[in-house]
Amino acid sequence: MQRIWIADIGKYENQEIEIAGWLFNIRSKGKIHFLQLRDGTGRLQGVAVNGECDSASFEILNSIKMEASIKVHGTVKKDERAPTGYELAVSGIILVQNPDKDYPIAKKEHGIDFLLENRHLWLRSTRPGAILRIRNQAIITLRNFFNSRNYVLIDTPIITGSIGENPSTLFSISYFDLGDAYLAQTGQLYLEAACMAFGKVYNFGPTFRAEKSKTRRHLTEFWMLEAEVAYLDNEGNMQLQEDMICTLAEDILKLCDQELKILDRDNAKLKKITPPFPKVDYNDAVSSLQKKSHPIQWGDDLGAEDETVLSGQHEKPVFIMNYPKKAKAFYMKENPDNPDTVLCSDLLAPEGYGEIIGGSQREDDYQKLLSRIHEENLPEEAYTWYKELREYGSVPHSGFGIGLERTVTWLCGIRHVREAIPFPRTISRLYP
Ligand code: 4AD
Ligand code: MG
């Protein structure tokens, strides 16, 4: 007998097949058991009628527990009322393992802490399933986007000697005789080297920030896709981000319809993600926040509250451009029109989600870069190789990093980033 996946059930109408999976619900009415089966690719109702199903199998169902692993065989029947359009008329069951205990995740509402503590089991439920499938699609779409534009994938190191973003949020590890090393906060500096070799490059991997923030936007381990392009200016950089985000929203709408439904996502909001995205200068953003009595001063980076307000003002993602130099990382290029600011942009997702992308043109002038390294008190020796990129054929270049979990959180319309990654790492969570 052929073993099939539930997702392919439509090809097997009236055929005798086997499903290998788990039981996630059972209702019994006298001589009939209605079993809800899942195999990871989908869900299916099996109907076991005493007499039509062999009696040993029928007996198993009288004492079966939730999440027992079972193999079920039977005939695929069309059924208009079933969500998949099919039902299984069960002829026999093989019990693989029956739990001795009740499954901890029940139908009733559980608190988020309980669910996160049981993340290894919670993954089996409908909601995490939908979110993580959308994440999977987002990864595929992002990779395809760059691959189809002939970018070269460059895997940047996770153990690094130089500080990429912010010295105060480094995870350090002791590295043999060489002293302290750090877990990568970004692969950007290495991508800058690679773009001088390959023209246009990207990476996609885990990054680490020892951020003591307990917000719904912060993880200590998150995935970031970064792109870097030689001879690209900040305007071109924003154009690239806009194209990427529109492609992403389009693909998720097209390919994750079922998942968006499960999450009750308002698709109309995602359909509005079309070019062009609004662009707001940092100065104007600050004035508008001050008018709303936000405590922000010119020179401050935008806080989570500020971003929520700004991103709530637009139906599309909005670029906030040209931040003050002192609020941003050392590598950003000084703005020739106002040297107190840099040529950069953060992209804020709509509906109050806030920053999902940080990007900038990079400082390509050797002396200016060196002064910034000094101003920020960064250890100059660690940046020798990085400075050399400005000595051997320096060119204008730009790039950005998109945070996967924040983006997925927005696409899914959920509240917190911790649900957008299989096993979240936050300052208060290292288990499971
Ligand atoms: O703005 P960030 O810090 O930019 C960089 O790391 C640049 N080196 C990228 C580049 O230009 N190549 O981080 C980029 C994005 C943010 O916009 C956000 O989406 C995400 O990474 N991010 C986080 N996501 C979850 N938890 C955190 N603690 C995050 N910190 C940043
Ligand atoms: Mg940022």
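What you see as residue numbers is a count from 1 along each chain, following the sequence as written. For this description, chains carry letters from A and ligands carry numbers from 1, given in the order in which they are written. Per-residue local features are limited, in this predicted model, to residues with pLDDT of at least 70; the limit for side-chain atom pairs, both in listing and counting, is 80 or more; totals at the level of whole chains, interfaces and linings are taken over all residues. The basis for the side-chain values is all heavy atoms of the structure; hydrogens and waters are excluded.

Caption draft 1: Structural detail: the overall build of the protein. Looking only at helices and strands, the protein has 13 helices and 17 strands in total. Along the first, second and third principal axes, the C-alpha atoms of the protein reach 85 × 55 × 40 Å. With a 1.4 Å probe rolled over the protein chains alone, any residue whose accessible area is under 20% of its type maximum counts as buried; one over 50% counts as exposed, and the rest are partly exposed. Among the 432 residues that make up the protein, the fraction classed as buried is 51%. Whether two residues are in contact is decided by their heavy atoms: any pair within 4.5 Å suffices. Here the analysis covers contacts within the protein between residues at least 6 apart in sequence; of these, 66% occur between residues at least 24 apart. Note that accessible areas follow from Shrake-Rupley with a 1.4 Å probe, and for residues the cover is restricted to the protein chains shown. In the structure as shown, the protein presents an accessible area of about 20500 Å², 50% of it carried by carbon and sulfur atoms. The charge count includes Lys and Arg as positive and Asp and Glu as negative, but it does not include His or the ends of the chains. We put the charge of a Lys on NZ, of an Arg on CZ, of an Asp on CG and of a Glu on CD. Averaged over its 52 positive side-chain charges, the protein has a centre that lies 7 Å from the centre of its 61 negative ones. Elements are defined by DSSP. Helices are runs of H or I of four residues or more, strands are runs of E of two residues or more, and each kind is numbered from the N terminus.

Caption draft 2: Structural context of the pairing of strand S4 (residues 43-49). Counting buried residues along S4, 5 of its 7 residues qualify, which places the element largely inside the surrounding structure. Bridge count for strand S3 (residues 32-38) against S4 is 7 bridges, and the pairing is antiparallel. Counterpart to Arg38 in the pairing with S4 is Arg43. Two strands pair under a simple rule: DSSP has to find at least two bridges between them. Two elements, S4 and strand S6 (residues 86-97), share 3 bridges in a ladder whose sense is parallel. Within S6, the position partnered with Gly46 by the bridge is Leu88.

Caption draft 3: Highlighting the domain arrangement of the protein. Segment limits for the domains were obtained from an automatic or database-derived domain assignment. According to the domain assignment, the protein contains domain 1 (2-97) and domain 2 (119-420). Taking only C-alpha atoms, the centre of domain 1 and the centre of domain 2 are 46 Å apart. Of the residues lining the interface, 6 residues belong to domain 1; the matching set on domain 2 comes to 4 residues. By definition, a salt bridge exists where a carboxyl oxygen of Asp or Glu is found within 4 Å of a side-chain nitrogen of Lys or Arg. Scanning the region where domain 1 abuts domain 2 turns up 1 salt bridge. The partner of Arg124 in a salt bridge is Glu67, with the nearest N and O atoms 2.9 Å apart. Polar contact is the term for a pair of N or O atoms within 3.5 Å; when the atoms are in protein, one must be able to donate a hydrogen and the other to accept it, and sequence-neighboring residues count only if both atoms are side-chain atoms. Our count for the contact surface shared by domain 1 and domain 2 stands at 4 residue pairs in polar contact (both at pLDDT 80 or more). Looking at side-chain class alone, the side of domain 1 that touches domain 2 contains 1 nonpolar, 2 polar and 3 charged residues. Under the scheme applied, nonpolar residues are Ala, Val, Leu, Ile, Met, Phe, Trp, Tyr, Cys and Pro; charged residues are Asp, Glu, Lys and Arg; polar residues are all the others, including Gly.

Caption draft 4: The nonpolar core, seen in detail. Counting residues in hydrophobic clusters, the biggest one holds 45 residues, and the most contacted among them are Phe146, Met244, Ile245, Ile252, Ile357, Phe400 and Trp410. If one sorts the elements of this core by residue count, helix H6 (residues 234-255) sits on top with 9 residues. Every residue in contact with Trp410, bar those within four places of it in the chain, is listed here: Ile245, Arg265, Leu270, Ile273, Pro317, Ala349, Pro350, Glu351, Tyr353 and Ile356. As used here, the term nonpolar core means buried Ala, Val, Leu, Ile, Met, Phe, Trp, Tyr and Cys residues forming a set that is joined through side-chain atoms within 4.5 Å. Judged by nonpolar contacts, the second largest core, of 28 residues, contains Ile163, Leu189, Ala329 and Ile373.

Caption draft 5: Representation of the site of ligand 1 within the structure. A cutoff of 4 Å decides nearness: a residue is near a molecule or strand if any of its heavy atoms lies inside that distance of it. Taken together, the neighbourhood of ligand 1 is formed by 22 residues, with Glu165, Gln188, Glu211, Glu226 and Glu355 sitting nearest. Measuring from an oxygen atom of ligand 1, one finds a backbone N or O atom of Ile356 at 2.8 Å. One nitrogen or oxygen atom from the main chain of Gly403 is found 3.3 Å from an oxygen atom belonging to ligand 1. Bound to the protein, ligand 1 loses 94% of the 620 Å² it would expose on its own. In this analysis a 1.4 Å probe is tested at points of a 1 Å grid over the protein atoms alone, and where it fits but cannot get out there is a cavity; an open set with protein on both sides within 12 Å along at least five of seven lines is a pocket; lining residues have an atom within 4 Å of a point. A cavity or pocket is said to hold a molecule if more than half of that molecule's atoms lie within 2 Å of its grid points. In this structure the site holding ligand 1 corresponds to the largest pocket. Listed by contribution, the elements that provide at least two residues to the shell around ligand 1 are strand S12 (221-230), strand S16 (354-361) and strand S17 (397-403).

Caption draft 6: Fine view of the packing of helix H4 (residues 126-148) against helix H13 (residues 404-412). Axes here refer to lines fitted to C-alpha atoms; in helices the fit is confined to the stretch in contact. Angles between the N-to-C directions go from 0 to 180 degrees. The contact between H4 and H13 brings their axes to 10 Å, and the two run at 120 degrees. Overall, the two elements H4 and H13 adopt an arrangement that is oblique. The hand of the H4/H13 crossing is right-handed. Between H4 and H13, the residues in contact are Ile131, Ile134, Arg135, Ala138, Ile139 and Leu142 and Leu404, Glu405, Val408 and Cys412, respectively. Counted by class, the contact of H4 with H13 contains 8 nonpolar, no polar and 2 charged residues. Oblique is the label for every angle not falling under 35 degrees (roughly parallel), over 145 degrees (roughly antiparallel), or within 65 to 115 degrees (roughly perpendicular). By the definition used in this description, the sense in which the near helix is turned from the far one sets the handedness, with an anticlockwise turn below a right angle giving left-handed and a clockwise turn giving right-handed.

Caption draft 7: The arrangement of the pairing of strand S5 (residues 69-78) in detail. Taken across its 10 residues, S5 has 7 buried, putting it largely inside the fold. As paired elements, strand S2 (residues 16-29) and S5 share 7 bridges and run antiparallel to each other. Directly across from Glu18, in S5, lies its bridge partner His73. Where S5 lies against S6, 10 bridges are found, and the strand directions are antiparallel.

Caption draft 8: A look at helix H11 (residues 366-375). Those residues of H11 that sit buried are Leu369, Leu370, Arg372 and Ile373. When H11 is viewed along its axis, its buried side chains cluster within an angular range of 160 degrees and face the same direction. Exposed residues pointing more than 90 degrees away from the buried face of H11 are listed as Gln367 and Glu375. In the core, the buried residues of H11 are packed alongside helix H12 (384-388). As used here, the arc belongs to the directions running from the helix axis to the C-beta atoms.

Caption draft 9: Structural context of the environment of Trp410. Structurally, Trp410 can be placed in helix H13. By relative accessible area, which is 0% here, Trp410 ends up buried. Between the C-alpha atoms of Trp410 and Arg81, which are 329 residues apart in sequence, the distance is 32 Å.

Caption draft 10: Seen up close, the pattern of salt bridges. Within the structure shown, the criterion is met by 27 salt bridges. Between Glu117 and Arg429 there is a salt bridge whose closest N-O contact spans 2.9 Å. Of this pair, Glu117 sits in helix H2 (residues 112-117) while Arg429 is found in the segment after H13, placing the two residues 312 residues apart along the sequence. Given a relative accessible area of 37%, Glu117 falls into the partly exposed group. When its relative accessible area of 14% is taken as the criterion, Arg429 is described as buried.

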